[in-house]
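# Analysis of the macromolecular model
Each chain, written out:
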Amino acid sequence: MALRGPAGLGPGSRRRLDEAVAAAEGREAPALVAAGGAPEDDEEDDGRGRGLLRWDGFSAWLHCVCVVGFDLELGQAVEVIYPQHSKLTDKEKTNICYLSFPDSNSGCLGDTQFCFRFRQSSGRRMSLHCLLDQFDKDLPVYLKSLVLISRLPYIHFFHTVLKQIAPEYFEKSEPYLEAACNDVDRWPAPVPGKTLHLPIMGVVMKVRIPTCHDKPGTTQIVQFTQQADTNISVILPTVHEVDLFRCFCPVFLHSQMLWELVLLGEPLVVMAPSPSESSETVLALVNCISPLKYFSDFRPYFTIHDSEFKEYTTRTQAPPSVILGVTNPFFAKTLQHWPHIIRIGDLKPTGEIPKQVKVKKLKNLKTLDSKPGVYTSYKPYLNRDEEIIKQLQKGIQQKRPSEAQSVILRRYFLELTQSFIIPLERYVASLMPLQKSISPWKSPPQIRQFLPEEFMKTLEKTGPQLTSRLKGDWIGLYRHFLKSPNFDGWFKTRRKEMTQKLEALHLEALCEEDLLLWIQKHTEVETVDLVLKLKNKLLQADREHLPVKPDTMEKLRTHIDAIILALPEDLQGILLKTGMT
């Protein structure tokens, strides 16, 4: 659901936003560009030629921009919301106010950037991604934060935008912010697979919008200088990925164990000295199981004032499947009952060798004076991969750039996740009915039920041992995963995709039939019933964005028109009024 102001979203605006969100989450977008796609460097207009309304272009990227002020006497308050018609509930404003500033004990002084998420007041799990820049003016009297609120998880991109506009805004105030928002409103929509040139306040950024088929850590954006790129100020190889190795650096000896914890949707707390370090680490953890989507909630920065504080810290029930990033030492006591806690120190600048933390027992976690470490009693299912550890240690000794280390670590996580998920993909594909079983005159066949024990038997011959060198209890890992929110979310997504594929194949089968011959052998009542069913099929294909070829849809409309014309005139008039064909 895309939030919107009274002006509403213009034609296609919501769909374009949903496409970008779907692609960023690693699932199929509802309506991607037709097979073959448009060339990545297509020329874009400013959207006005596409019939967009005022602020439609802005709404495709951002919900709104907020300025939050902090005064020692008055406290936090949302001072500016732009565009002014943007809607935020009082609960959402309160969450933004408290999340827009570091805890007083975090020691953050001066400008800083971090991100956070919060739940929409509608109660839906869809959270908004927010990023901010903090400005200190005559500390400790006054603080100000510039917050970008968006459904798009383009963390790296929005950080770059803030770096461009925040310093100038704090100098020139609201007219500058209005001008920046007007620039965003002229941006082309974030269509997956497109390479875009995005101007903002005299700076032009070149970015590529990721698709659900992109491999983590790869970029298809053209980096070399071209004549057409002479006006480009900033080229971003990625819009959403974080510096993976910098975040995992203090704990890379345990990176495989952390991968298992994230994969299994285990409750996990990251205790960090600042919001920027907590948010980066949480995002890195969520990213480590890519291309598998993390289906549970995660909060890059979480405070005691958050509206879900009681829900997530209660001791009356088991900790929920969520990853929390916190900075307040109070959480060391409040979350002491959580099974897995990562305590990290200051993230070292690129090139410095970090001190590796150890795995420690939870009972050793004290309120204030605990040393950095991974506090857990979890025993990994898989044996530790010594080869990747040696490779990363060698890189540190040779002062290999953090970007190169991140490529190595990301590739390792990708191969590990793919080795794990491929046997599941192969088994789920076998649940799909054969195409020859699809009859145009019967409802589409059902997908077979997922049977855990049947799946386990397939692992003997087609398990992860075919693609991974790791030994260990893979069966135990799969059994645990099948009970996790990540499996539930993944299988629901795959089941929906397969159901839509069956519906699309059923439509194609209908189109191949000689429907005019069929109506000659049936009564008028049966013919009218067929027309109504075919019209419903068309509406369903459009509503559910079924993967149907455009010519199939056109052929079906032609069939409907031909059948209606073959009926008596009185019935023709009635059927033509029942909907567009």
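Everything quoted here is computed from the prediction, not taken from an experiment. (Residues numbered from 1 in each chain as written. Predicted model: local features only at pLDDT ≥ 70, side-chain atom pairs only at ≥ 80, totals over all residues. Heavy atoms only, no water.)

### A closer look at the pairing of strand S14 (residues 373-376)
- Across the two faces of S14 the burial is the same, with Gly373 and Tyr375 and Val374 and Thr376 all buried.
- In terms of strand pairing, strand S12 (residues 340-343) meets S14 through four bridges, oriented antiparallel. Each residue of the ladder has a partner; that of His340, found in S14, is Thr376.
- Taken together, the three bridges between strand S13 (residues 358-360) and S14 define a ladder with parallel strand orientation. Along S14, the bridge assignment pairs Lys360 with Tyr375. (Buried < 20%, exposed > 50% of the residue type's maximum accessible area, 1.4 Å probe, protein only. Helix = DSSP H or I, 4+ residues; strand = E, 2+ residues; numbered from the N terminus. Pairing = 2+ DSSP bridges.)

### Structural notes on the packing of helix H15 (residues 485-512) against helix H17 (residues 524-543)
- Where H15 contacts H17, the two axes come as close as 11 Å, and the packing angle between them is 140°. By the angle class used here, H15 and H17 are oblique. Crossing geometry of H15 relative to H17 is assigned as left-handed. Facing Glu503, His506, Leu507 and Leu510 of H15, the residues of H17 in contact are Leu534, Lys537, Gln540 and Ala541.
- Partitioned by chemical class, the residues of the contact of H15 with H17 number four nonpolar, two polar and two charged. (Axes fitted to C-alpha atoms, helices over the stretch in contact; angles between N-to-C directions. Parallel < 35°, antiparallel > 145°, perpendicular 65-115°, else oblique. Left-handed = near helix turned anticlockwise from the far one by under 90°. Contact = heavy atoms within 4.5 Å. Nonpolar A, V, L, I, M, F, W, Y, C, P; charged D, E, K, R; others polar.)

### Concerning the sheet that holds strand S7 (residues 203-208)
- Taken together, three strands build an open sheet; the order of strands is S6-S7-S8 and the sheet is mixed. Both edges of this open sheet fall to strand S6 (195-200) and strand S8 (234-235), since each of them pairs with a single strand only.
- Pairing of S6 with S7, which is carried by six bridges, proceeds in the antiparallel orientation. Within S7, the residue paired with Leu196 across the bridge is Val207.

### Digging into the packing of aromatic side chains
- Going through the model one piece at a time under the given rule, you end up with 31 aromatic pairs.
- Geometrically, the ring pair formed by Trp55 and Tyr82 is edge-to-face, given 5.8 Å between the ring centres and 85° between the ring planes. Placement of Trp55 in the loop between helix H1 (13-24) and helix H2 (56-59) and of Tyr82 in strand S2 (residues 75-82) is noted, with a sequence separation of 27 residues between them.
- You can call Trp55 buried: its relative accessible area is 10%.
- Pairing Trp259 with Phe420 gives two aromatic rings, centres 6.2 Å apart and planes at 85°, and the pair type is edge-to-face. With a gap of 161 residues between them, Trp259 in helix H7 (residues 255-263) and Phe420 in helix H12 (residues 402-430) connect regions that are remote in the sequence. Accessibility assignment for this pair places Trp259 and Phe420 in one class, buried.
- Taken together, the ring pairs connect Trp259, Phe420, Tyr427, Phe450, Phe455, Tyr478, Phe481, Phe487, Trp490 and Phe491 into an aromatic cluster.
- Over the aromatic face of Phe298 sits the side chain of Arg117, whose NZ or CZ is 3.8 Å from the ring centroid. (Phe/Tyr/Trp six-rings, centres within 6.5 Å; stacked < 30°, edge-to-face > 60°. Lys NZ or Arg CZ within 6 Å of the ring centre and 35° of its normal.)

### Details of the environment of Asp297
- Here Asp297 shows up in strand S10 (residues 297-299).
- For Asp297, a relative accessible area of 5% gives the class buried.
- In sequence terms Asp297 and Pro320 are 23 residues apart; their C-alpha atoms lie 9.0 Å from each other.
- Side-chain polar atoms of Asp297 contact the side chain of Arg117, separated by 3.1 Å. (Polar contact = N/O pair within 3.5 Å; in protein donor to acceptor, adjacent residues only side chain to side chain.)

### Quick look at the confidence of the model for the protein
- Mean pLDDT for the protein: 80, with 78% of residues reaching 70 or above.
- This stretch, residues 123-127, has a pLDDT under 50; its non-local contacts, to residues over four places away or in other chains, come to 15 contacts. (pLDDT = per-residue confidence, 0-100.)

### Considerations on the sheet that holds strand S11 (residues 322-326)
- With respect to topology, six strands assemble into an open sheet ordered S10-S11-S9-S12-S14-S13, the strand pairing being mixed. Edge positions in the sheet fall to S10 and S13, since each of these pairs with one other strand and no more. Adjacent strand axes in the sheet meet at a mean angle of 15° when their direction is disregarded.
- The strands touched by helix H8 (residues 275-287) are strand S9 (268-271), S10, S11 and S12; relative to S11, the strand with the most contacts, the crossing angle is about 160°.

### A word on the nonpolar core
- The biggest cluster of nonpolar side chains holds 70 residues, and the ones touching the most others in it are Phe248, Trp259, Phe420, Leu424 and Phe450.
- With near-sequence residues (within four places) excluded, Trp259 lies in contact with Cys288, Ile289, Leu382, Phe413, Leu416, Thr417, Phe420 and Leu477.
- Judged by nonpolar contacts, the second largest core, of 37 residues, contains Val67, Val80, Leu148 and Trp187. (Core = buried A, V, L, I, M, F, W, Y, C linked by side-chain atoms within 4.5 Å.)

### Considering the packing of helix H4 (residues 155-172) against helix H5 (residues 174-185)
- Contact geometry for H4 and H5: axes closest at 7 Å, N-to-C directions at 145°. Touching Gln164, Ile165, Glu168, Tyr169 and Lys172 of H4 are Glu174, Pro175, Tyr176, Leu177 and Ala180, all from H5.

### Here's the deal with H8
- Taking 1.5 Å as the rise per residue, H8 with 13 residues should run 18 Å; its terminal C-alpha atoms sit 18 Å apart, in good agreement.
- Counting buried positions over the 13 residues of H8 gives 12, a clear majority of the element.
- For H8, the full list of buried residues reads Pro275, Ser276, Glu277, Ser278, Ser279, Thr281, Val282, Leu283, Ala284, Leu285, Val286 and Asn287. (Expected span 1.5 Å × (residues − 1).)

### Describing the environment of Leu99
- Along the chain, Leu99 turns up in helix H3 (residues 90-99).
- Considered as a pair, Leu99 and Asp306 are 207 residues apart in the sequence and their alpha carbons are 7.8 Å apart.

### Digging into the side chain of Asp385
- Secondary-structure assignment places Asp385 in the loop between S14 and helix H11 (386-397).
- A polar contact of 2.8 Å, which involves the side chain of Asp385, links it to the side chain of Arg469.
- With residues up to four places along the chain from it excluded, the contact list for Asp385 reads Gln256, Tyr412, Arg469 and Leu470.

### Re the environment of Gln500
- Locating Gln500 in the fold gives a position in helix H15.
- Accessibility expressed as a relative area gives 14% for Gln500, which makes it buried.
- Here the alpha-carbon distance between Gln500 and His545, two residues 45 residues apart in the chain, equals 8.4 Å.
- Discounting chain neighbours no more than four positions away, the residues touching Gln500 are Glu544, Leu546 and Pro547.
- Engagement of the side chain of Gln500 in a polar contact is seen with the backbone oxygen of Glu544, the distance being 2.9 Å.

### Concerning the side chain of Gln256
- In this fold, Gln256 is placed in helix H7.
- With sequence-adjacent residues up to four places away left out, Gln256 is seen in contact with Leu382, Asn383, Arg384, Asp385, Tyr412, Leu416 and Leu470.

### Thoughts on the pattern of salt bridges
- By the definition in use, this model includes 21 salt bridges.
- Asp297 is the partner of Arg299 in a salt bridge, and the nearest nitrogen-oxygen pair spans 2.9 Å.
- Salt-bridge contacts for Arg543 lead to Glu544; the nearest nitrogen and oxygen are separated by 4.0 Å.
- Several salt bridges share partner residues, and in doing so they unite Arg117, Asp297, Arg299, Asp306 and Glu308 into one network. (Salt bridge = Lys/Arg side-chain N within 4 Å of Asp/Glu carboxyl O.)

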